[in-house]
Structures are given as C-alpha cells and as structure tokens.
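If you want the building blocks of each chain, they are given just below.
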Amino acid sequence: MPGLLRGVARTAVVAGTATAVSNRVSRRQAGRWAQQDYEQERAQYAQQAPPAPAAPPPPPAAPPAAAADPMTQKIDQLKQLADLKAQGVLTDEEFQNQKRALLG
C-alpha cells in the first residue's frame, strides 16, 4: 500500500507542476501577443493620423490708440468680434452677447 500512495502522490506533484508551468507559459504568450497587437495598432494609427492643423494666422494689427472717438473704438471692437466669429472662435450666441455688452 505505501508504494501505491507514493506513486499517486508523485503523479499528483508532477501533474500539478505541469499545470502550473503550462499556465505560466500561456499567460506569458498571451502577454506577448497583446503587446504585438498594441504595437501594430499604434503603427496603423500613426499612419492614419491626420496632420496637425496649422496655427491660426495672427490677428490683424490693432489701430493706434490715438483714436479718441468712442464710436470708432466700438466699431473696431465690433469688427474684431465679427472676425472672431468668422474664424469660429465665437459662437453666434457668444457673439450676440458680446455685441449687446458692447453696444448696451
């Protein structure tokens, strides 16, 4: 009977060790495949990424501050607001709010 128990115990140890090793190899291989997939997706994304948009042109130079006429200043500010709206910086609602504040 001791020989039989020893054989069963040895078989259990060998089977357990083989299972542990097999699981470790499987996890390591899955990690490698995941890394390869990640690198391939990253390379594809880099090829498909559109170029970065160019920086917007600088705003036009402001007129000299010597213009003392308040009406001229308001007109200039309205023009600047209209330019910002045309560039898409301001929404229609923001433009209307700013215009009301300027003229009100």
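The sections below set out a description of the structure shown in this document. These numbers were taken from a predicted model, which means no experiment stands behind them. (Residues numbered from 1 in each chain as written. Predicted model: local features only at pLDDT ≥ 70, side-chain atom pairs only at ≥ 80, totals over all residues. Heavy atoms only, no water.)

1. A closer look at the overall build of the protein chain
Part 1: Broken down by element type, the protein chain carries 3 helices and 0 strands.
Part 2: In sequence order, the secondary structure elements of the protein chain are arranged as α-α-α.
Part 3: Buried residues in the protein chain amount to 4% of all 104 residues.
Part 4: Element-wise, carbon and sulfur atoms account for 60% of the exposed surface of the protein chain, whose accessible area totals about 9,200 Å². (Helix = DSSP H or I, 4+ residues; strand = E, 2+ residues; numbered from the N terminus. Buried < 20%, exposed > 50% of the residue type's maximum accessible area, 1.4 Å probe, protein only. Areas by Shrake-Rupley, 256 points an atom, 1.4 Å probe, with all protein chains shown as cover.)

2. A short note on the pattern of salt bridges
Part 1: Applying the stated criterion across every chain yields a total of 1 salt bridge.
Part 2: Between Asp-92 and Lys-85 there is a salt bridge whose closest N-O contact spans 3.2 Å.
Part 3: In this structure Lys-85 comes out as partly exposed when scored by relative accessible area, which is 31%. (Salt bridge = Lys/Arg side-chain N within 4 Å of Asp/Glu carboxyl O.)

3. So, helix 2 (residues 70–87)
In an α-helix there are 3.6 residues to a turn, and that puts residues three or four apart on one side.
Part 1: Under the 1.5 Å per step criterion, the end-to-end length of helix 2 is 26 Å for 18 residues, consistent within 8% with the ideal 26 Å.
Part 2: Directly beyond the C-terminal end of helix 2, a positive phi value near 90° is found at Gly-88. (Expected span 1.5 Å × (residues − 1).)

4. A short note on a positive patch on the surface
Part 1: A grouping of Arg-24, Arg-27, Arg-28 and Arg-32 is seen on the molecular surface, where their side chains present a positively charged patch.
Part 2: Here Arg-28 shows up in helix 1 (residues 2–48).
Part 3: Among the residues examined, Arg-28 registers a relative accessible area of 43% and is labelled partly exposed. (Patch = residues over 30% accessible without salt bridge, like charges linked within 9 Å, V, L, I, M, F, W, Y side chains within 5 Å. Lys, Arg positive; Asp, Glu negative; His and termini not counted. Charge placed at Lys NZ, Arg CZ, Asp CG, Glu CD.)

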